[in-house]
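Report on the structure
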Amino acid sequence: MSTQEQQQSTQNLTLVQAVRDGLHGEMERDDDVIVMGEDVGKNGGVFRATEGLWDDFGDDRVIDTPLAESGIAGTAVGMAAYGLKPVAEMQFSGFMYPAFDQIVSHAARLRNRSRGRYTASMVVRAPYGGGIRAPEHHSESKEAFYVHEPGLKVVIPSTPYDTKGLLAASIRDPDPVIFLEPKLIYRAFREEVPDDTYTVELGKAAVRREGTDISVFTWGAMTRPTLEAAEDLEEEGIDVEVVDLRTLSPMDTETIVESFKKTGRAAVVHEAPKTGGLAGEIIATIQEEALMYQEAPVERITGFDVPFPLYALEDYYLPEKARVADGIREAVEF
Amino acid sequence: MVTIDIKAESGQREMLRRMLTIRAFDTRAGELFADGELPGFVHLYIGEEAVGVGAISALEPDDYITSTHRGHGHCIAKGLDTYQMMAELYGKRDGYCNGKGGSMHIADVDAGMLGANGIVGAGPPLATGAALTASYKDEDRVALAFFGDGAVAQGQVHEGINLAATWDLPAIFVVENNHFGEATPVENQHNVEHLSATAEAYNIPGFTVDGMDVTAVYEAVEEARARAAAGDGPTFIEADTYRYKGHFEGDHEPYRTKDDIDDARERDAIDRFKTRLVDAGVITDAEFDDLEAEVEAEIDEATERAQDAEYPDPSEAYEDMFGAHVPEIEEFAARVRTDGGERQ
């Protein structure tokens, strides 16, 4: 675990390659780590996130399952309770609903229900989010479902480096983690990623850009358009701080509040629908912890309250640079 | 009255035409996807035409079907319009879902088509519900669920079958065994040689038919429909078939060889049915060629019209969310109308 060494060797990886690299590293490190899911083995996964793992670790540790999300999740809970470290892939996060019962009723509650005697130390990985020209199940972002369930941790990376480190931390975590991978940026850009394994601590946000006028909280694929909007707004004299939450449960309220106290204004950008989305939770946190610092209503720049639309409407549904910039201006000019 | 009477020569020609239409439609859809014309994901039915056409032809026109993510063939066999289908694939307003559903969600309830389905295994319980409704209303209608071999691993498939069997509902369960659940061979997903063995657990008739023989599928479903309509409950039919294309367009198919596909093509459903009809004097080679050309022309026209059709307006995203008026949704719609044109 050489987290911050200067001399370590790196590879220039995309986000999805960092998933693969992270899985490989953890499987080498711990024989109890088992990857399972639909076509994750021989085929290497529909998004290639498990490519080559089957060749390196074989049938026993890279398990091709039937199309049976409930069975996959439930089996993973059983494996985890008996000491293995399953990393179950759901092919798309929209396919997770049959598995929802096992995740919510069992994975999330095993520790509490058994008063700490059993835990389900497992990871459920799924590509999530929109922007790939496919409707509904293939594009939606339902992170709030999982955040709402006590006992689950929810992680959404936005960079290749974080992906590998957060995935490793999730696998080593003693509790169940829902690890949602923004597939829009699976191959959008590359970053130097250390060859060695390392962890990025769960529950810690990253300030991607420091600013003094407004704090913008976001995660996953929305981080990039938010940063781009921040760059544009700099020319208008608006100094934007961008906070990438990275872990949505437990949420890093300390960083959120600290940033807000500095700027007094905020916006939240997420691609999930507005109502019941996590923007509301972040705003409530600000209200509770920093009300007297507040200078303007907090803007919610989000997807709309409709099923994720197809193709022609997708570009309107997803917050993009211009809409993010509009929302930020509104909060700043209030 | 069955949808298509297989005993009549005109019926046989119509079944051939529908199989050719499915192949032409999906061949075109594959080409358009490769050209970057079609968005999202496209799953093609090429190779499996005999299952959809054989099964649906033996139903009555008012009967219900539920479909799958590989649903274009079921739509065409059910008599849906190829232009409205193609428009939906393009995400255009004229499509069956007004451009909001795409390839995997085409539905036409009036035609008894309860929907393609992006979720593997979601259809059978819906068919059970439709069958229960027919039974409750004492209507002579049955519901047939198509699903793949991969779906047989899904719990909700079994829940749907168990309910229909226990309640003696007029349902028919047709598993299209194309030998791969996505990229995994059927033998690695199930512990039975024939998926029709599933029927035993529910104490309903179950059998395996040659799913690349349209007549065999027709006869099996004809019998199942008679049983369902008589109040004797559901039947489980496994149609042994093969998909010639990948799970989705763009699938690099490491799980099989070209020889495997060529072997399956030896039993091609269209070739076999054509030969049978030519031998029986129902159709000449020249008439077959004309039929193929007619079908091609239909798909050409459907494609051109779909390309020229309009996209839905962004504000239409908010239509059809609830039956009752929801003011908040109006606010959202107004916001999008203001934003209109700022797409990047």
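Residues numbered from 1 in each chain as written. Chains lettered and ligands numbered in written order. Predicted model: local features only at pLDDT ≥ 70, side-chain atom pairs only at ≥ 80, totals over all residues. Heavy atoms only, no water.

**Description of the domain arrangement of chain B**
Residues and elements named next belong to chain B. What counts here: These domain limits were set by an automatic method or by a database of domain assignments. When checking whether two residues touch, look at their non-hydrogen atoms; a contact exists if any pair is within 4.5 Å. Once two parts are brought into contact, the accessible area they lose, counted with a 1.4 Å probe and summed over both, makes up the buried area. Each reported salt bridge corresponds to a side-chain nitrogen of Lys or Arg within 4 Å of a carboxyl oxygen of Asp or Glu. Definition of a polar contact: a pair of N or O atoms within 3.5 Å, with one able to donate and the other able to accept a hydrogen when the atoms are protein atoms, and with sequence-neighbouring residues admitted only if both atoms are side-chain atoms. Polarity classes work like this: nonpolar for Ala, Val, Leu, Ile, Met, Phe, Trp, Tyr, Cys and Pro, charged for Asp, Glu, Lys and Arg, and polar for all others, with Gly in that last group.
For chain B, the assigned domains read domain 1 (9–312) and domain 2 (313–344). Each side of the interface is counted separately: domain 1 has four residues, and domain 2 has six residues. Taken together, the two surfaces of domain 1 and domain 2 that pack against each other cover about 350 Å², and 31% of this comes from carbon and sulfur. On the domain 1 side of the contact with domain 2, Arg93, Lys100 and Pro312 bury the most area, a combined 88% of that side's loss. In this structure, the connection of domain 1 to domain 2 is made through zero salt bridges. Connecting domain 1 to domain 2 are one residue pair in polar contact (both at pLDDT 80 or more). Its residues assigned to classes, the side of domain 1 that touches domain 2 shows two nonpolar, no polar and two charged.

**Some words on the packing of aromatic side chains**
Cut-off, in case you're wondering: Any two of the Phe, Tyr and Trp rings considered here, Trp counted by its six-membered ring, make a pair once their centres fall within 6.5 Å; the pair's planes then place it as stacked at under 30 degrees, edge-to-face at over 60, or tilted in between. For the purposes of this entry, the term helix denotes a DSSP run of H or I that reaches at least four residues, the term strand denotes a run of E that reaches at least two, and both are numbered from the N terminus. Burial classification: accessible surface area is computed with a 1.4 Å probe over protein chains only, and a residue below 20% of its type maximum counts as buried, one above 50% as exposed, and the rest as partly exposed. Should the NZ of a Lys or the CZ of an Arg lie within 6 Å of a ring centre and within 35 degrees of the ring normal, that charge is described as sitting over the ring.
Applying the stated rule across the entire model yields 15 aromatic pairs over all chains. For the pair Phe92 of chain A and Phe41 of chain B, a centre-to-centre distance of 5.7 Å together with 80 degrees between the ring planes defines the contact as edge-to-face. Residue Phe92 of chain A is located in the loop between β4 (85–89) and α4 (97–107), and its partner Phe41 of chain B is located in the loop between α1 (9–34) and α2 (49–57); the two belong to separate chains. The same class applies to Phe92 of chain A and to Phe41 of chain B, which are both buried. Judged by centre distance (4.9 Å) and plane angle (50 degrees), the ring pair of Phe180 of chain B and Tyr255 of chain B falls under tilted. Placement of Phe180 of chain B in strand β4 (residues 180–181) and of Tyr255 of chain B in the loop between β7 (235–240) and α9 (258–265) is noted, with a sequence separation of 75 residues between them. Residue Phe180 of chain B shares its accessibility class with Tyr255 of chain B, and that shared class is buried. Grouped by ring-pair contacts, the aromatic residues Phe47, Phe92, Phe95 and Tyr186 of chain A together with Phe41 and Phe248 of chain B constitute a single cluster. Positioned over the ring face of Phe288 of chain B is Lys274 of chain B, at 4.5 Å from the centre of the ring. Over the aromatic face of Tyr83 of chain B sits the side chain of Arg305 of chain B, whose NZ or CZ is 3.7 Å from the ring centroid.

**Comments concerning the UniProt feature "domain: Transketolase-like pyrimidine-binding" (unreviewed entry) in chain A**
The condition that has to hold: UniProt positions are given in the numbering used here, feature names are shortened, and annotations may be inferred rather than shown by experiment.
The UniProt entry lists residues 13–188 of chain A under the feature "domain: Transketolase-like pyrimidine-binding" (unreviewed entry), expressed in the numbering used here. The span residues 13–188 of chain A is 38% helical and 16% strand by assignment, and the distance between its end C-alpha atoms comes to 10 Å.

**Examining the pattern of salt bridges**
Between side chains of opposite charge, a pair can form when the charged atoms approach closely. Scanning the entire structure with this criterion turns up 47 salt bridges over all chains. Residue Arg209 of chain A is joined to Glu234 of chain A by a salt bridge in which the shortest nitrogen-to-oxygen separation is 2.8 Å. Of this pair, Arg209 of chain A sits in strand β9 (residues 206–209) while Glu234 of chain A sits in helix α8 (residues 223–235); the two residues are 25 residues apart in sequence, bridging distant segments of the chain. According to the relative accessible area criterion, Arg209 of chain A is buried, its value standing at 11%. A relative accessible area of 45% means that Glu234 of chain A is categorised as partly exposed. Linking Arg17 of chain B and Glu298 of chain B is a salt bridge whose minimum nitrogen-to-oxygen distance equals 3.7 Å. Separated by 281 residues along the polypeptide, Arg17 of chain B in helix α1 and Glu298 of chain B in helix α11 (residues 285–308) bring together distant segments of the chain.

**A few points about the domain arrangement of chain A**
Residue and element names in this part refer to chain A. We note that the domain assignment places domain 1 (3–194) and domain 2 (206–333) within chain A. Placing a centre on the C-alpha atoms of domain 1 and another on those of domain 2 gives a separation of 26 Å. At the interface, 30 residues of domain 1 touch 25 residues of domain 2. Along the contact surface separating domain 1 from domain 2 lie four salt bridges. Put simply, Asp162 and Arg208 hold a salt bridge, and the shortest N to O gap is 2.5 Å. When residues of the side of domain 1 that touches domain 2 are traced back to their parent elements, those giving at least two are α6 (143–147), β6 (153–155) and α7 (160–172). The class makeup of the residues in the side of domain 1 that touches domain 2 is 17 nonpolar, seven polar and six charged.

**Quick notes on the environment of Asp162 of chain A**
All names here are of chain A. Along the chain, Asp162 turns up in helix α7. Considered as a pair, Asp162 and Leu13 are 149 residues apart in the sequence and their alpha carbons are 12 Å apart. Ignoring sequence-local partners within four residues, the contact set of Asp162 consists of Pro157, Leu167, Val200, Arg208 and Arg246.

**Observations regarding the UniProt feature "domain: Dehydrogenase E1 component" (unreviewed entry) in chain B**
Within this numbering scheme, the UniProt entry marks residues 17–314 of chain B as carrying the feature "domain: Dehydrogenase E1 component" (unreviewed entry). Split by type, residues 17–314 of chain B is 44% helix and 10% strand. Its first and last C-alpha atoms lie 38 Å apart.

**Thoughts on the packing of α2 of chain B against helix α8 (residues 214–229) of chain B**
Residues and elements named next belong to chain B. Short version of the rule: Only C-alpha atoms enter the line fits that serve as axes; for helices the fit covers just the stretch in contact. Angles between N-to-C directions range over 0 to 180 degrees. Handedness of a crossing follows from how the near helix is turned relative to the far one, being left-handed for an anticlockwise turn of less than a right angle and right-handed for a clockwise one.
Packing of α2 against α8 leaves a shortest axis separation of 7 Å and a crossing angle of 35 degrees. Between α2 and α8 the crossing geometry is right-handed. Together, Ala50, Val51, Val53, Gly54, Ala55 and Ser57 of α2 and Val214, Val217, Tyr218 and Val221 of α8 make up the contact between the two elements.

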